[in-house]
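Results of the structural survey
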Amino acid sequence: MHLQDSYWEKVVSDFRRLCILRRQRRREESEAMLRNELPRSIAEWSRQQPGDASAKKAQLDSMFHAEQRRIEDAWLMQDVLSTRLTEDFLPALCSRVSEEVRKAMAVADLLGAETRAENRAVTTPAPEPEPEPRISFDDIPSILDLLMVEEPAKGKRRPLSPA
């Protein structure tokens, strides 16, 4: 970048910052910018810029008007967007979030009910199964009788407990 261009960019940047500070109603900072920083950057640019004073003044005036319009346009756009956000987007977003929260709470309630039911089932003792008949390992007729009774009832074989 050419040295003169960097001095000019500093002037433009300082003036833009001054305009923004004023729009934000930051009086002290804007006054400090207007009294100190902007005059300093203009003086540095002017020393580096060839040409007469009237041409420099015209260039500055043109930039001041263009930047003020630019900041005004940006502020207008911010107001339009802010209005759209608060009137259209935020209510729709809040409604959607509320709906999702309601769904999540319903799921949590359902899971909580299932957990409570499981806890009740765990704390309620299960009925004791009937003791299996004990048959001596050498009592073959009793083993056969037991197998004949249990097989049709259960549909499968189970190991016998030795007595």
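As a reminder, the structure under discussion sits directly above these lines.
Read on for an overview of the structure. Model, not experiment: these values are computed from the prediction. (Residues numbered from 1 in each chain as written. Predicted model: local features only at pLDDT ≥ 70, side-chain atom pairs only at ≥ 80, totals over all residues. Heavy atoms only, no water.)

Topic: a nonpolar patch on the surface
On the surface, a nonpolar cluster with roughly 610 Å² of combined accessible area is contributed by Leu-85, Phe-89, Leu-90, Leu-93, Val-97, Val-101 and Met-105. On the secondary structure map, Val-101 appears in helix α3 (residues 53-123). On the basis of relative accessibility, which here comes to 40%, the residue Val-101 falls in the partly exposed class. (Patch = residues over 30% accessible without salt bridge, like charges linked within 9 Å, V, L, I, M, F, W, Y side chains within 5 Å. Areas by Shrake-Rupley, 256 points an atom, 1.4 Å probe, with all protein chains shown as cover. Salt bridge = Lys/Arg side-chain N within 4 Å of Asp/Glu carboxyl O. Helix = DSSP H or I, 4+ residues; strand = E, 2+ residues; numbered from the N terminus. Buried < 20%, exposed > 50% of the residue type's maximum accessible area, 1.4 Å probe, protein only.)

Thoughts on the packing of aromatic side chains
Two aromatic rings are characterised by how far apart their centres lie and by the angle between their planes. All told, the structure shown has 2 aromatic pairs when counted by the stated rule. Centre to centre, the rings of Trp-8 and Trp-45 are 5.0 Å apart; their planes meet at 50 degrees, and the pair counts as tilted. Placement of Trp-8 in helix α1 (residues 3-23) and of Trp-45 in helix α2 (residues 27-48) is noted, with a sequence separation of 37 residues between them. The class for Trp-8 is buried, based on a relative accessible area of 16%. Summarising the aromatic geometry, the rings of Phe-15 and Phe-64 are spaced 4.5 Å apart at their centres and angled 40 degrees between planes, so their arrangement reads as tilted. Residue Phe-15 is found in helix α1, and its partner Phe-64 is found in helix α3; the two are separated by 49 residues along the sequence. Owing to a relative accessible area of 6%, Phe-15 belongs among the buried residues under this scheme. (Phe/Tyr/Trp six-rings, centres within 6.5 Å; stacked < 30°, edge-to-face > 60°.)

Describing the environment of Leu-38
Mapping Leu-38 onto the fold places it in helix α2. Overall, Leu-38 belongs to the buried group, its relative accessible area being 5%. Sequence separation between Leu-38 and Lys-10 is 28 residues, and the spatial gap between their C-alpha atoms is 8.8 Å. Setting aside its immediate chain neighbours within four residues, Leu-38 contacts Val-11, Asp-14, Phe-15, Leu-18 and Met-33. (Contact = heavy atoms within 4.5 Å.)

Quick notes on the pattern of salt bridges
For the coordinates displayed, the defined rule picks out 13 salt bridges. In this structure, Glu-72 and Arg-23 form a salt bridge, with 3.6 Å as the shortest nitrogen-oxygen distance. With Glu-72 in helix α3 and Arg-23 in helix α1, the pair connects residues that are 49 residues apart, well separated along the chain. Between Asp-88 and Arg-84 there is a salt bridge, and its shortest N-O distance comes to 2.7 Å.

Functional significance is not addressed by these values, which are geometric in nature.
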